[in-house]
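# Topology and contacts: notes
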There are 2 protein chains.
Amino acid sequence: MQKPFEIEDFVVIDETAPVANDTHGGRAKCLQRLIRLDLPVPLTVALSFATVRRLASGGQVDTAAILRNFGAAPLVSVRPSSEDPDWGGPGAILNIGMNDARHAELANLLGHAAADRLYVRFVQTYSVQVARLDPDSFEAPDDPDGSTLTAMLDAYEAEMDEPFPQDPARQLSDVLKSMARAWEGTSARLLRQARGAPAEAGLGLVVQRMAPGMGPPESGSGVIQFVSSDTGLPQITGRYLGQSQGRDALFDESAVYLTRDPRGPSLEEMYPEGFDRLMQYGATCRQRLKEEMQIEFALDAGRLSVLDAVRVQRTARAAVRIAVAMAEDGAIEREEAVLRIEPGFLAHLMHRQVDQKAARDVIATGVAASPGAATGRIVFTSAAAQAAAARGEATILVRRETSPEDIRGMHAAHAVLTERGGMTSHAAMVARGLGLPGVVGAHGIALNRRARTLTTPDGRVLNEGDLVTVDGTTGTVLAGAVPLLEPNLDDSFRTLLHWADEVRDIGVRANADTYAEAKMALTFEAEGIGLCRTEHMFFEEDRLTLMREMIFAETAEGRAASLERLVPMQVADFCKLFEVMAGRPVCIRLFDPPLHEFLPQSRDGLRDLADAMGLPLSRVTRRVEALSEFNPMLGLRGVRLGITMPEIYEAQARAIFTATIESSTPEMPVVPEIMIPLVSAKREVELVRGRIEGIAAAVRSETGASFDYRLGVMVETPRAALRAGEIAPHVSFLSFGTNDLTQMTYGLSRDDAGRFMSVYVQQGIFTEDPFHRLDVEGVGELLQLGASRGRAVRPDMKLSICGEHGGDPESIAFCRAAGFDYVSCSPFRVPGARLAAAQLALRDKEIFSRPLID
Amino acid sequence: MQKPFEIEDFVVIDETAPVANDTHGGRAKCLQRLIRLDLPVPLTVALSFATVRRLASGGQVDTAAILRNFGAAPLVSVRPSSEDPDWGGPGAILNIGMNDARHAELANLLGHAAADRLYVRFVQTYSVQVARLDPDSFEAPDDPDGSTLTAMLDAYEAEMDEPFPQDPARQLSDVLKSMARAWEGTSARLLRQARGAPAEAGLGLVVQRMAPGMGPPESGSGVIQFVSSDTGLPQITGRYLGQSQGRDALFDESAVYLTRDPRGPSLEEMYPEGFDRLMQYGATCRQRLKEEMQIEFALDAGRLSVLDAVRVQRTARAAVRIAVAMAEDGAIEREEAVLRIEPGFLAHLMHRQVDQKAARDVIATGVAASPGAATGRIVFTSAAAQAAAARGEATILVRRETSPEDIRGMHAAHAVLTERGGMTSHAAMVARGLGLPGVVGAHGIALNRRARTLTTPDGRVLNEGDLVTVDGTTGTVLAGAVPLLEPNLDDSFRTLLHWADEVRDIGVRANADTYAEAKMALTFEAEGIGLCRTEHMFFEEDRLTLMREMIFAETAEGRAASLERLVPMQVADFCKLFEVMAGRPVCIRLFDPPLHEFLPQSRDGLRDLADAMGLPLSRVTRRVEALSEFNPMLGLRGVRLGITMPEIYEAQARAIFTATIESSTPEMPVVPEIMIPLVSAKREVELVRGRIEGIAAAVRSETGASFDYRLGVMVETPRAALRAGEIAPHVSFLSFGTNDLTQMTYGLSRDDAGRFMSVYVQQGIFTEDPFHRLDVEGVGELLQLGASRGRAVRPDMKLSICGEHGGDPESIAFCRAAGFDYVSCSPFRVPGARLAAAQLALRDKEIFSRPLID
């Protein structure tokens, strides 16, 4: 970016000085804003990023010239000023300029005690942080005096072979250089990159006249903010400590409260006038800076200075409350409120959370697969989880990995923990769908299913029934029960999302398979169901038996007979879904998984099945072996099953249409969307379409009822995307299943990728896990090709994505740019998606792409 | 196609009549050519496709007008004339025009016996084929007489309630209609479509004056050809039978040989002048029609007629010999010889074949996965195959499916038979690579490994050691030993391919992994190795142990130590390859398979491994479980292993470079091509490239030798094709691995596709198995995108394909059109690929796209 002004080495901050976030850092800019608001900020000089960078690489700056701004006997502080305050920086250094002469002078002016403490503090800080001497040699008592000072100066001289530097210019020069170098150190760099800073992020420094906060009565320092960091509600918080500097008040138990201190007079009571002025400053910041600020202040013989102000730290809940309250007060626009909340943050509001204040005994870590926290007794089988649920006990289901057979166990459990798998493993996907906290791929744990024990990476052995807490937000597992915070979907949250909906221009639906999930989708105000997987309708206890009968049937007629008995159950399922969605669209994916998922794999399971079905074990084993696959992901599933065993889709279509008729009212007709999975050739679509039309005609003629429906394709193979043009004439919508599409585009199984994904992301081979963030370059090109080819043939083609990516803001941005109609994601991600979509729409309007204040 | 003339309902064929293959059919056209050559063809009238089509749908043709061409008492035959003689057609009908009056007349002219036989033959044919009466009622003795005739006429009248039709025009009309309708019947349609005819293929009919072949002495009919159908060598073949019509001579044991009949006088001896004329006709056809023809002739009182001539039927071997001989004689151009041979036909020449004359007892059928035939004793384990090989016994390895652990067993066996898998299963691919006959996916068989028995679909139980013959050309398994024909790579074959190489404009390399396969590649004159898979270099007995040590090593150093011991063995492998290829390019693919392929899966295998490695069984089991994958095809393999365990590629690069130096001579430097598999991101290429450059530098500095090499990428994921533009700067070649690319584009595992592929192809969902013929629309688009994006960045980028498709003519056509440099396929498919490529180049030259004769 070209700068509109020349950057000097340093500049005195006044109302018009050329100071900006990206040249001098956020703190320098904020101080200028405070000056413009007439707040009593002590004289401050800002050093530019370029200056600091030069210092770090051995260059100089004219510190004598800087100090000339502060008069003959300067006493100053230096604080870091990075572009974004969240990126951190070296600690502040106070009382630069203290030397023997100044010490004597201040002893007269402020008293011996104050002068000693000012000098001791500086010598200590300088020795440890600048000269890098052993901190143990410079420990100071709470109440230092002249002897402490003498000892420290001696210690310095002994270590450095020179007396403590007396020249303020030399002192400042050393301080600035050490801070500049600290910023370039490896750990600081890694730390700020972890917080999202670019590798070349700059650091500015601000040199400010000290408000000593010591000496005469009515001297001290404090910190004040006007809202609660936890809740965002108005609440005066902070501390004040007499005879102190900087943020000392926050770390001293004797510091007084700002109002209503039960232990004695509060700041308000001691200095009502100063308190009132601080209150005014807070209100001014809120109105003029359009932000809730935390203010650092000092009193010197009753004279109030504002040394610094930073954005109030806040939880997700507080952030939403603050933004909504400011918009409701007119301090900011509603759109600005919508823009201020990080969409990913909303997830924190929708789950119970581990109370971060509680003690944590981490026994394992893994992938943070599904947010939220839960405490329960560990169980190693779905059966145990169900049994415990029947007794009303909370359990944590621990598995090597989960399979569809575990779904009932996961429904029964309060959280899931697996040894294997990544963000898009079966366990992770189901957990997110169910809103169940989940940690997956906890590689260090060892399960012994026979002994029913879990051994942690540090060798502790847990038995079935032991209590643990799974924190799916951070990917950790904690020993025992840990205090949890309840989720809080408050009015502010709803208000913010309604504002978001007003500007949003891409739809947001939820992936929901069951009545319970559909209810959750409605709670989060999804516009419909974008992906209803129908597998579970075949897995439940009574249905699984019929499904297995079908698999062992010798003929198409035998299969049809088993399926026919499933139809009424599925009609009931669909009716419930349609009723809860009350006319909103429901997109139903036809049967997708390979049949072997319905059969047991273990010897015991096979024996039980043979007994239950009255078949010889050898026949059951043979069938299971015949159905097993080398690469199930690429095998006989989806539309391939629909073609080779047409009875399955026919039964499903019959159930859907019957439910459609039952659930429709004249005012609110149900128009189901039927989606064909795993298509790779147009002829697959033609064939299935023909059969579904046949069933629709049959149901219409049998019932005399009329109904409408839409047919679409789930684009999950690269070929379906490439051939969208010839598929288009047969369907009215294309929904991109980006999970599978990503797998096939990369040739990478999401279940097996966990073993090397972290290496790949760390080494920058993939900039992000492509199952987490849409690969815009590769998979994205296929989406664009599919979309444009589909629309070229059918301009009204409805386009969407329904993979896990549906909830990711960057992926939403891509879909929006590509002209998609909606995204669909897990119910819990719907609020984030609504917000992200709104922010994208707002950023397209120029007014909201500029900073609000300068 | 627009016709240059108006098509009449029928036309008398003379030298200038408007008759063409696509209006009147091949027989009509051929007869016109014979007339132009002054051969004594009886008067012939041709009915056009349009006429016949009209007849089939109930229309009429003026048969009286047709018959007027044949005089007052016409006696004619009708034969079918389809566009391509291979498409078949209804049988000929002779003696139309016979009625009571004509019978009396001919009794005078030719004698009673001849007149009876002519009439009987017509009544019989008409009743059964035209009137569709019960054949049993119209059986005639070998030597019919007047009573036979009367009985037949009575039978006709009894069945039809009318006397046998006497009007020749009515007779002809009925015959023409019945033949027209037969052509439109379902079974005829299916039959000709199976032979490659389009659905709407037309039928013409030819009406020819009968040469009765009966009556006076020196009357009869016969068939003659001048080359052997089996070998293609000059040889007069055929039969002549006095007092016969049509092709009777071929079906009567008393027919005489044309020359040297040990049983009595031959045709040559009986009618030397007629024989000489037939010899002249054959020579004329060869020179002027540029084809070896089989001639159907008749003698009537010594007068010779040529009734018909068709292309001599021929085996693949004969086809090659005939084409080469004709070109060498100057009868056709060399290019024409090249164009005449179907490339797929060549495969029949390169393997032993079951003698089709032998009795066949088929015990199972499956996919014809690898051509050729072999007889041996069945074994159920690789170990048994190896043991038998050591004893010099031929075996057939029978497995449920094969895995890399079976490779040694497949090397030892003479053929392979599997219960599961398709054209691109492991067993099929390895078998084709080894030139080993193979039948895979023989679903009906049941293996009992414990009892060591194979149960056939019809319930026969074979024990280990029983003899069977596997016919991989037809996909059948025969009981016992069956006579086999040896392959014959004769001079004509080599000559034809050298002519092909002269016009070919796309390279053909072979996929060859071992010394033996490289030798085979050279035998078939491949230009180099396009894909050398290096896995086998890790699987052989002594190496497998080191490989397993590496897998169980705890550290990168431990892995490197195991690999270091493999390097000298691999250097020897590469040296042998480079030496046999003598300077031709060798493209080496770096290690590709997942590590679990190197570990046993069975309990016994695990126990043995634990013992051998001195590790606890639990540790071995845990490692095996940790490495197991849900979808190995999409897992930790290829470059992903190369990145996460860099030691493997580094050891391979070291072995390749060391062998390069050892094998290079100043006159013939070796320049290896190194190919990175399973790439999906450019950064993978950058990283591997950096490491390989490092090893090259190290080897150069250690040895002081200089060498050159090329680096390339195997494009197997859709993403690599899409991102070819950003991969291109790092590599000098892109080789498309169309097997994997097809799997990922379709989301379809080749190993699992067998279970439904046949249904898919039958229902026309896939027009062809995409693993067999390149999917031009989907996979092909990715090839084109990858090629054009790669070349846009690097115009000299070398492009190739190295999947199974490399040998398929249509796929070669695609690659040639896309500007690829070469294709690479199994050694046995190299000759076919060379020929197919030459034909493509020739077809692009206009002169060879026109028919040679008219």
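Residues numbered from 1 in each chain as written. Chains lettered and ligands numbered in written order. Predicted model: local features only at pLDDT ≥ 70, side-chain atom pairs only at ≥ 80, totals over all residues. Heavy atoms only, no water.

This paragraph deals with the relation of the copies chain A and chain B. Once chain A has been moved 0.3 Å along the axis and rotated by 180 degrees, it coincides with chain B to within an RMSD of 0.5 Å. Within this description, the copies of the chain are treated as partners about a two-fold rotation axis. When C-alpha positions in chain A are compared against the rotation axis, the closest is assigned to A:Asn631, at 2.2 Å. An overlap of 100% is found between the interface residues of chain A and their copies at the interface of chain B, pointing to a shared contact surface. (Least-squares fit on C-alpha atoms with pLDDT ≥ 70 in both. Contact = heavy atoms within 4.5 Å.)

Moving on to the pattern of salt bridges. Residue and element names in this part refer to chain A. Tallied over the full model, the rule gives 117 salt bridges over all chains. Here aspartate 261 and arginine 263 are joined by a salt bridge, their closest N and O atoms 2.9 Å apart. Using a relative accessible area of 8% as the deciding quantity, one classes aspartate 261 as buried. Since its relative accessible area comes to 47%, arginine 263 is described here as partly exposed. (Salt bridge = Lys/Arg side-chain N within 4 Å of Asp/Glu carboxyl O. Buried < 20%, exposed > 50% of the residue type's maximum accessible area, 1.4 Å probe, protein only.)

In terms of domain boundaries, chain A breaks down into domain 1 (10-209), domain 2 (220-314), domain 3 (358-485) and domain 4 (511-537 + 575-593 + 668-843). A separation of 52 Å is found between the C-alpha centroids of domain 2 of chain A and domain 4 of chain A. (Domains from an automatic or database assignment.)

Time to look at the sheet that holds strand E27 (residues 673-676) of chain B. All names here are of chain B. Taken together, the eight strands give a closed barrel; going around it, the order is E24-E25-E26-E27-E28-E29-E30-E31, and neighbouring strands pair in parallel fashion. Adjacent strand axes in the sheet meet at a mean angle of 25 degrees when their direction is disregarded. Bridge count for strand E25 (residues 529-533) against strand E26 (residues 586-589) is three bridges, and the pairing is parallel. Residue arginine 533 lies in a different strand from E26, and its bridge partner there is arginine 589. Across the sheet, helix H33 (residues 830-843) touches strand E24 (507-511) and strand E31 (822-825), and the angle it forms with E24 is around 165 degrees. (Pairing = 2+ DSSP bridges. Helix = DSSP H or I, 4+ residues; strand = E, 2+ residues; numbered from the N terminus. Axes fitted to C-alpha atoms, helices over the stretch in contact; angles between N-to-C directions.)

With that settled, consider the interface of chain A and chain B. Contact residues are listed per partner, giving 53 residues for chain A and 53 residues for chain B. Together chain A and chain B conceal approximately 4900 Å² of surface at their shared face, both sides included; 53% is due to carbon and sulfur atoms. When the buried surface of chain A facing chain B is broken down by residue, A:Phe630, A:Leu634 and A:Arg755 rank first, second and third, together holding 14% of it. The interface formed by chain A and chain B holds 10 salt bridges in total. Between B:Glu777 and A:Arg723 there is a salt bridge whose closest N-O contact spans 3.4 Å. Where chain A touches chain B, the interface holds 29 residue pairs in polar contact (both at pLDDT 80 or more). (Buried area = accessible area lost by both parts, 1.4 Å probe. Polar contact = N/O pair within 3.5 Å; in protein donor to acceptor, adjacent residues only side chain to side chain.)

Time to look at unusual backbone geometry. Residue A:Arg132 is not a glycine yet carries a positive backbone phi of 60 degrees. Structurally, the position occupied by A:Arg132 is in the loop between helix H6 (112-130) and helix H7 (146-160). Accessibility expressed as a relative area gives 58% for A:Arg132, which makes it exposed. For B:Ala582, which is not glycine, the phi torsion reads 45 degrees and is therefore positive. Note on B:Ala582: relative accessible area 37%, which makes it partly exposed.

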